[in-house]
Amino acid sequence: MSEPILEVSGLTACYGMISALKGIGFYVNDNEIVGIVGPNGAGKTTLLESIAGSMHIKEGQINFLGHQIERWPVLKRRQLGLMLVPQEGNIFPLMSVKKNLEVSVILSNRAKKEELIDRVYKLFPVLWEKRRQIANTLSGGQQKMLAVGIGIASNAKVMLIDEPSIGLAPKLVTKLFETLKKIKEDTRTTIVLSEQNIKVLNIADRLFGLEAGEIRFDEKTENLSRDVVKDLYLGSIS
Ligand SMILES: Nc1ncnc2c1ncn2[C@@H]1O[C@H](COP(=O)(O)OP(=O)(O)OP(=O)(O)O)[C@@H](O)[C@H]1O
Ligand SMILES: [Mg+2]
């Protein structure tokens, strides 16, 4: 069993008087896919943003690759390999697909520029076909692929992906999830994704159940009953 590469303890975060995370403990091992499941308002986005650094936390520790990072700014966390793919707004809308990927590489490993961008095109051939197209003219699904592609081009060690299935047709969800699995296998990237789509059970090694700002369970996916998880945490989305 490998050591956690990302570990969160006693994490508390608030929006004014609203307590969104109430002392969360959470960890991810190297080269795992971990799903965070929970109903609307559970705190999934707040947790991912707290780890990435875009949400101010009240209390708690975040350890990433042996560094205590909870007071680090977003960019410094990103340079160490921690990257948030938010639900929206991760792409440069007025740049071409190619330029989006090139800019992302600059923030990480320039020496591996061609290799990293090729990797994205291999995983998402449609981005190669559309490489000259301006990003905000892509379809919603293609923009989501580009957002994940930016994470890969940035050479992220851990990608935190917030509800990637939202707004995608069922077939595209299946395809995107298969690609996430391939990313894990081919590039050894660790993936944390928040989801309300039942298909997360097909790709996650482990699931955390989050409800009202608290962790309700942490289980290997194979030990979880599909129906219980579906009823409690995944609503009726199929
Ligand atoms: N900007 C904000 N101002 C005030 N309260 C907020 C804000 N953002 C989130 N909250 C509250 O914090 C709690 C957690 O919200 P969060 O967005 O993290 O949940 P979530 O699990 O991502 O939900 P969803 O599945 O709808 O995306 C909710 O009670 C929500 O109403
Ligand atoms: Mg959310």
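Parameters at a glance
Residues numbered from 1 in each chain as written. Chains lettered and ligands numbered in written order. Predicted model: local features only at pLDDT ≥ 70, side-chain atom pairs only at ≥ 80, totals over all residues. Heavy atoms only, no water. UniProt positions renumbered as here; feature names shortened; annotations may be inferred. Helix = DSSP H or I, 4+ residues; strand = E, 2+ residues; numbered from the N terminus. Buried < 20%, exposed > 50% of the residue type's maximum accessible area, 1.4 Å probe, protein only. Contact = heavy atoms within 4.5 Å. Areas by Shrake-Rupley, 256 points an atom, 1.4 Å probe, with all protein chains shown as cover. Lys, Arg positive; Asp, Glu negative; His and termini not counted. Charge placed at Lys NZ, Arg CZ, Asp CG, Glu CD. Polar contact = N/O pair within 3.5 Å; in protein donor to acceptor, adjacent residues only side chain to side chain.

Looking up the protein chain in an unreviewed UniProt entry gives the name ABC transporter ATP-binding protein, with the organism given as Aerophobetes bacterium. The annotation that UniProt attaches to the protein chain under Sequence similarities (unreviewed entry) is "Belongs to the ABC transporter superfamily."

Asker: Explanation requested: the overall build of the protein chain in the structure shown.
Answerer: Assigned secondary structure in the protein chain consists of nine helices and ten strands. Its C-alpha atoms give the protein chain principal-axis dimensions of roughly 45 × 40 × 40 Å. Taken over 238 residues, the protein chain has a buried fraction of 51%. Residue pairs at least 24 apart in sequence account for 66% of intrachain contacts in the protein chain once pairs closer than 6 positions are excluded. With an accessible surface of roughly 11200 Å², the protein chain has 51% of that area assigned to carbon and sulfur atoms. Across the protein chain, the mean location of the 31 positive side-chain charges is 7 Å away from that of the 27 negative side-chain charges.

Asker: Before we go on, may I ask you to explain helix α1 (residues 44-52) in this structure?
Answerer: Each α-helix winds once per 3.6 residues, and so residues spaced three or four apart point in a common direction. Of all the nine residues making up α1, seven are buried; the element is thus mostly covered by neighbouring parts of the structure. Those residues of α1 that sit buried are Lys44, Thr46, Leu47, Leu48, Ser50, Ile51 and Ala52. Phi turns positive one or two residues past the end of α1, at Gly53, with a value near 105°.

Asker: Explain the side chain of Lys44 to me, please; I cannot follow it from the model alone.
Answerer: With respect to the helices and strands, Lys44 occurs in helix α1. Residue classification places Lys44 among the buried positions, given a relative accessible area of 5%. Within the structure, Lys44 has its side chain in polar contact with the backbone oxygen of Gly38 (distance 2.9 Å). Beyond its immediate chain neighbours, meaning those up to four positions away, Lys44 contacts Ile36, Val37, Gly38, Pro39, Glu163, Ser194, Glu195, Gln196 and Leu210.

Asker: Could you clarify how one ought to interpret unusual backbone geometry in this entry?
Answerer: At Leu65, a position not held by glycine, the phi torsion is positive, near 50°. Not every positive phi belongs to a glycine, and Asn155 is a case in point at roughly 60°. In this fold, Asn155 is placed in the loop between α6 (140-153) and β7 (158-162). Given a relative accessible area of 29%, Asn155 falls into the partly exposed group.

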